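# Residue-level structure breakdown
Each chain, letter by letter, is given below.
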2 protein chains.
Amino acid sequence: MIQTPYLLFLGDAPDQLSAKVAQGIKDWRPENAVGQLRMEGCKADVGLRDMTLAHAKAAGAKTLVIGVANRGGYISQAWKSVLIEAMGMGYDLASGLHNLLSEEEDLVEVAAEKGRILHDVRIPSVEYPIASGVKRTGKRVLAVGTDCSVGKMYTALALDSAMRARGMKSTFRATGQTGILITGNGVPLDAVVADFMAGSVEYLTPDNDPDHWDVIEGQGSLHHISYSGVTLALIHGGQPDALIICHEPTRKHMRGLPDYKVPTIEAIRDVSLSLARVANSACEVVGIAVNTQHMSEDEAKTYLASVEVEMGLPTVDPFRYGAERLAEALEKL
Amino acid sequence: MIQTPYLLFLGDAPDQLSAKVAQGIKDWRPENAVGQLRMEGCKADVGLRDMTLAHAKAAGAKTLVIGVANRGGYISQAWKSVLIEAMGMGYDLASGLHNLLSEEEDLVEVAAEKGRILHDVRIPSVEYPIASGVKRTGKRVLAVGTDCSVGKMYTALALDSAMRARGMKSTFRATGQTGILITGNGVPLDAVVADFMAGSVEYLTPDNDPDHWDVIEGQGSLHHISYSGVTLALIHGGQPDALIICHEPTRKHMRGLPDYKVPTIEAIRDVSLSLARVANSACEVVGIAVNTQHMSEDEAKTYLASVEVEMGLPTVDPFRYGAERLAEALEKL
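The name given to chain A in an unreviewed UniProt entry is Putative NAD-dependent epimerase/dehydratase family protein, with Sulfitobacter guttiformis as the source organism.

## Focus: the overall build of chain A
Helix and strand counts for chain A come out as twelve helices and eleven strands. Taking 333 residues into account, the globule formula puts the C-alpha radius of gyration at 20 Å, and chain A, at 20 Å, falls close to it. A principal-axis box enclosing the C-alpha atoms of chain A has dimensions of 55 × 45 × 45 Å. Counting over 333 residues, chain A shows a buried share of 58%. Nonlocal contacts in chain A, meaning residues at least 24 apart in sequence, comprise 76% of its contacts between residues at least 6 apart. Within the structure as shown, chain A displays about 13,300 Å² of accessible surface, and the carbon and sulfur contribution to it stands at 51%.

## Some words on the relation of the copies chain B and chain A
After a rotation of 180° and a shift along the axis of 0.0 Å, chain B superposes on chain A with an RMSD of 0.0 Å. The two molecules are tied by a two-fold rotation axis, judged by turn and shift. A share of 100% of interface residues in chain B that are also interface residues in chain A marks the association as one of identical surfaces.

## Section: the domain arrangement of chain A
Residue and element names in this part refer to chain A. Examined at the domain level, chain A breaks down into domain 1 (6–120) and domain 2 (139–332). Look at where the C-alpha atoms of domain 1 and domain 2 centre, and you get two points 29 Å apart. Between domain 1 and domain 2, the contact holds twelve residues from the first and 14 residues from the second. Per-residue buried area on domain 1 facing domain 2 is highest for V21, W28 and R29; these three make up 59% of the total on that side. Connecting domain 1 to domain 2 are one salt bridge. Between domain 1 and domain 2 we count four residue pairs in polar contact (both at pLDDT 80 or more) in total. Contributing elements (two or more residues each) for the side of domain 1 that touches domain 2: α1 (20–28), β3 (63–66) and β4 (92–95). In terms of residue count, the dominant contributor to the side of domain 1 that touches domain 2 is α1 (four residues).

## A word on the pattern of salt bridges
Residues and elements named next belong to chain A. Enumeration according to the criterion identifies 38 salt bridges over all chains in this entry. Between K80 and D106 there is a salt bridge, and its shortest N-O distance comes to 3.1 Å. Remark: D106 occurs in helix α4 (residues 105–114) and K80 occurs in helix α3 (residues 77–88); sequence separation between them is 26 residues. Looking at K80, the relative accessible area reads 5%, which means it is buried. D209 serves as the salt-bridge partner of K169, at 3.0 Å between the closest nitrogen and oxygen. Placement of K169 in strand β7 (residues 169–173) and of D209 in the loop between α7 (197–204) and β8 (212–216) is noted, with a sequence separation of 40 residues between them. Given a relative accessible area of 35%, D209 falls into the partly exposed group.

## Some remarks on the packing of aromatic side chains
This model, assessed by the stated rule, comprises eight aromatic pairs over all chains. Ring centres of Y128 of chain A and Y203 of chain A lie 5.4 Å apart, and the angle between their planes is 75°; this geometry places the pair in the edge-to-face category. One end of the pair, Y128 of chain A, is in the loop between β5 (118–120) and β6 (139–145); the other, Y203 of chain A, is in helix α7, and 75 residues separate them in sequence. Exposure remark for Y128 of chain A: the relative accessible area of 8% places this residue in the buried category. On the accessibility criterion, Y203 of chain A (46% relative accessible area) is partly exposed. Pairing W28 of chain B with Y154 of chain B gives two aromatic rings, centres 5.0 Å apart and planes at 80°, and the pair type is edge-to-face. Placement of the pair is W28 of chain B in helix α1 (residues 20–28) and Y154 of chain B in helix α5 (residues 152–165), with a sequence separation of 126 residues. Within the aromatic cluster, the residues linked to one another by ring pairs are W28, Y154 and F319 of chain A. The side chain of K57 of chain A reaches across the aromatic face of Y91 of chain A, ending 4.9 Å from its centre.

## Brief notes about the sheet that holds strand β10 (residues 284–290) of chain B
Residues and elements named next belong to chain B. Read across the sheet, six strands follow the order β7-β8-β6-β9-β10-β11 without closing on themselves; strand pairing throughout is parallel. Because the sheet does not close on itself, it has two edges, and the strands there are β7 (169–173) and β11 (315–316). The pairing of β10 with β11 spans two bridges and is classified as parallel. The residue of β11 that forms the bridge with I288 is T315. Packing of helix α12 (residues 324–332) onto the sheet brings it into contact with β6 (139–145), β8 (212–216), β9 (242–247), β10 and β11, and relative to β10 it is tilted by some 175°.

## What to know about the sheet that holds strand β10 (residues 284–290) of chain A
All names here are of chain A. Overall, parallel pairing links the six strands, which are arranged β7-β8-β6-β9-β10-β11 in an open sheet. Of all strands in the sheet, those bounded by a partner on one side alone are β7 and β11 (315–316). As paired elements, β7 and β8 share five bridges and run parallel to each other. Residue pairing across strands places T171 opposite D214, the latter belonging to β8. Lying over the sheet, helix α5 (residues 152–165) contacts β6, β7, β8, β9 (242–247) and β10, oriented at roughly 160° with respect to β7.

## Notes on the packing of helix α8 (residues 228–238) of chain A against helix α9 (residues 265–279) of chain A
Residue and element names in this part refer to chain A. Running from amino to carboxyl end, α8 crosses α9 at an angle of 40°, the nearest separation of the two axes being 7 Å. Taken together, the axes of α8 and α9 lie oblique to each other. Read as a crossing pair, α8 and α9 show a hand that is right-handed. Where α8 approaches α9, its residues L232, I235 and H236 are matched on the opposing element by S272, L275, A276, V278 and A279. Considering only residue class, the contact of α8 with α9 consists of six nonpolar, two polar and no charged.

Here is what the cut-offs are and how they apply
- In this numbering scheme, every chain counts its residues from 1 along its sequence in written order.
- Labels are handed out in written order, letters beginning with A for the chains and numbers beginning with 1 for the ligands.
- Totals for whole chains, interfaces and linings use every residue, but because this is a predicted model, local features are given only for residues with pLDDT of at least 70 and side-chain atom pairs only at 80 or more, for both listing and counting.
- As a rule here, side-chain values cover all heavy atoms of the structure and leave hydrogens and water aside.
- A run of H or I in DSSP counts as a helix once it spans at least four residues, and a run of E counts as a strand once it spans at least two, with each numbered from the N terminus.
- In this description the radius of gyration comes from C-alpha coordinates, and the expected globular size is given by 2.2 Å times residues to the power 0.38.
- Burial classification: accessible surface area is computed with a 1.4 Å probe over protein chains only, and a residue below 20% of its type maximum counts as buried, one above 50% as exposed, and the rest as partly exposed.
- A contact between two residues is defined here by any heavy atoms of the two lying within 4.5 Å.
- Using the Shrake-Rupley algorithm and a 1.4 Å probe, accessible areas are obtained, with residue cover drawn only from the displayed protein chains.
- For this overlay, a least-squares fit was computed on C-alpha atoms, restricted to residues scoring pLDDT of at least 70 in both copies.
- Either an automatic procedure or a domain database provided the assignment from which the domain bounds are taken.
- Put simply, buried area is the surface a 1.4 Å probe can reach on two separate parts but cannot reach once they are joined, added for both.
- Criterion for a salt bridge: a side-chain nitrogen of Lys or Arg within 4 Å of a carboxyl oxygen of Asp or Glu.
- Two N or O atoms form a polar contact when they lie within 3.5 Å of each other; inside protein one atom must be a possible hydrogen donor and the other a possible acceptor, and for residues adjacent in sequence the pair counts only when both atoms belong to side chains.
- Classification of ring pairs uses Phe, Tyr and Trp, with its six-membered ring standing for Trp, and accepts pairs whose centres are within 6.5 Å; under 30 degrees between planes counts as stacked, over 60 as edge-to-face, and the remaining range as tilted.
- Only lysine NZ and arginine CZ atoms are considered, and such an atom sits over a ring when it is within 6 Å of the ring centre and within 35 degrees of the ring normal.
- The rule for pairing is simple: two strands pair if DSSP sees at least two bridges between them.
- Note on geometry: axes are C-alpha line fits, over the in-contact stretch for helices, and angles between N-to-C directions span 0 to 180 degrees.
- Roughly parallel refers to an angle under 35 degrees, roughly antiparallel to one over 145, roughly perpendicular to one between 65 and 115, and oblique to any angle outside these ranges.
- Each helix crossing is assigned a hand: it is left-handed if the near helix lies turned anticlockwise from the far helix by less than a right angle, otherwise right-handed if that turn is clockwise.
- Under the scheme applied, nonpolar residues are Ala, Val, Leu, Ile, Met, Phe, Trp, Tyr, Cys and Pro; charged residues are Asp, Glu, Lys and Arg; polar residues are all the others, including Gly.

Right under this line is the structure:
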């Protein structure tokens, strides 16, 4: 659990896109961030107040979150003086970069001396159990995709937000680095050891109130041969009551796999549901989230309407048009 | 790669069953073992010549393999003097126990001093790639199960043996600790980090002669919620041309999961084939291996015959009646 609120460190971000972790926090959990810290030459701005370390500290910030990714995902030497100064002032550090805070000797030394915590959310900090499959109380919805990077995290965050706006009890459950930094906790599923994957998802989504929903961030796809095992561990560890299928209709092939075609929504529905029902016989597919970013307004609307008719399920682009209809579908379930 | 031949260390094994790793080596790769080393009070005997360290060394042994599991799977203090003496004489050590050789300070120290290797086959020693899904040359067959521990390793070893007896080119590819010790190499799949599971299976089963078969040891089951992700990584990383379904018909529920029923052979056929064809559209189910150990001779024969008719596929118990018909089915493919 990372202490909030954060100060978001944008460093010397070369462009806006490189600050997408900070942008995600600002968009989805603005209450988790008091401001942004930008170094000279920083080309990103997530629209929060610019603050110094001292200023943000006075405003209550507890953790300096590295909200920027270099090309290569490493911890830049240019950042070091700021990171070290922050720890001296009482900040913990948090990062989702490949290269770990805990592998930087100077940072480790200062953290030990000052009693600060280095959170590397890319690697697990918990010894997860082996999944027991015991039925848990409360309800769970999982985003499954026809491919990787089709908007599963975005869909889950938008759905969680729409559910809470309706007064439903909902918690977004992060399973990837960005999601973990946004909410302050979660499971970095792609870095969990094989035998404990499903158990880590059970750990992430424990017993809860009967009318509470865990909105579980999906990973990979059952048809993405590099990561399908991770996806199945989510389906079986999450024992979802409901699935949302996420799709990006303009993709020419599976992400990173030029020889692999993107499956149809129907194919993913059938295989996901058949496997989900092993863990929860009542599981249903309740809606479809389409990422229409590469379509015109007209194309998007026509496509959404046609999928809705074909599949007989509420079909939305949660980014473009909101996730309310998906929340409504869950409420009715 | 563990150097062969081995001397099999049975230590102070409390009973025959505790020496099942040594028994597996003796049964499947007798050419890999020059003899067995038993301490006073040892209650196991795998039927090899009893040898001292010096005797086995003279006979060419290169590695002392811990072929016994204590209750709890730890490295007994009682064994230490033998293990240390062995390294002094030039033996490497190999173990599949939970508790690692490399975590025993005294063993690590002696190994460093004598230049010996400590092989802990329970953990990966390779940095595996992420799976690319690129089609590889050669052929692959994978054992998939309706449950865990239904005889997938045994089936794969028996099949490999039957194929070689027919003059087919075949290599057993181990994906678990026992299999790795039997053959001297493989991937400890349950200990691989999630993102690299399918890649580790690609690494294990590289390009080969067009008429060569990799016989891949299966793990878990697509319907075993604790380990299903591992199973799917095998199906997608292995890109099998053929599947053998393994089943144990007397089991009351899934292993370790009292609330979960064992799926039918048909259910596993359908979901396995549908997912396997994502990676290899030509994949076929070619046979069924039934573990009839808890059935009488009559029951077994009746059951095998009825499954054979129902499924329209060669159905055998490879332990009781041999795997020749499965090898024949592959040869025809």
